[in-house]
Amino acid sequence: MKQILLEELVSPGCHICKEFEEFWHTIEGEWPNVMYKKIEVTTPEGQTTAQKYMIFASPGIILNGELWASGGFDKEKFVEKLKELSE
């Protein structure tokens, strides 16, 4: 299985960010090859990440350096993408 870097750009009080994080924690046991990193948009790293990927809505979900979703997410499509990247 290939290693995957999952980065989530979150902003304070973002309920979709919290939803995604909770969803990720329910499935992460099935994905030992995925390293999860939470980035707060209020930090310098978060600002740089938001600019780099042109993220205007939270959460910004980045998989292996590519913006996968912004402002929302589809659970099934997310799992499909992880499968695809793991091969």
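Residues numbered from 1 in each chain as written. Predicted model: local features only at pLDDT ≥ 70, side-chain atom pairs only at ≥ 80, totals over all residues. Heavy atoms only, no water.

A. Quick peek at the pattern of salt bridges. In total, this model carries 4 salt bridges according to the counting rule given. With its nearest N and O atoms 3.4 Å apart, the salt bridge here joins Lys18 to Glu22. Residue Lys18 and its partner Glu22 are located together in helix α1 (residues 15-27), separated by 4 residues, close to a single helical turn. A salt bridge links Lys38 to Glu21, with the shortest nitrogen-to-oxygen separation between them at 3.0 Å. Placement of Lys38 in strand β2 (residues 34-40) and of Glu21 in helix α1 is noted, with a sequence separation of 17 residues between them. Note on Lys38: relative accessible area 40%, which makes it partly exposed. For Glu21, a relative accessible area of 19% puts it in the buried group. (Salt bridge = Lys/Arg side-chain N within 4 Å of Asp/Glu carboxyl O. Helix = DSSP H or I, 4+ residues; strand = E, 2+ residues; numbered from the N terminus. Buried < 20%, exposed > 50% of the residue type's maximum accessible area, 1.4 Å probe, protein only.)

B. Quick peek at the state of the cysteines. If you walk through the whole model with that rule in mind, you get 1 disulfide. At a sulfur-sulfur separation of 2.3 Å, the disulfide partner of Cys14 is Cys17. The disulfide joining Cys14 to Cys17 has a torsion of about 85° about its S-S bond and is therefore right-handed. Of the residues examined, Cys14 reaches a relative accessible area of 16% and is grouped as buried. (Disulfide = S-S within 2.5 Å.)

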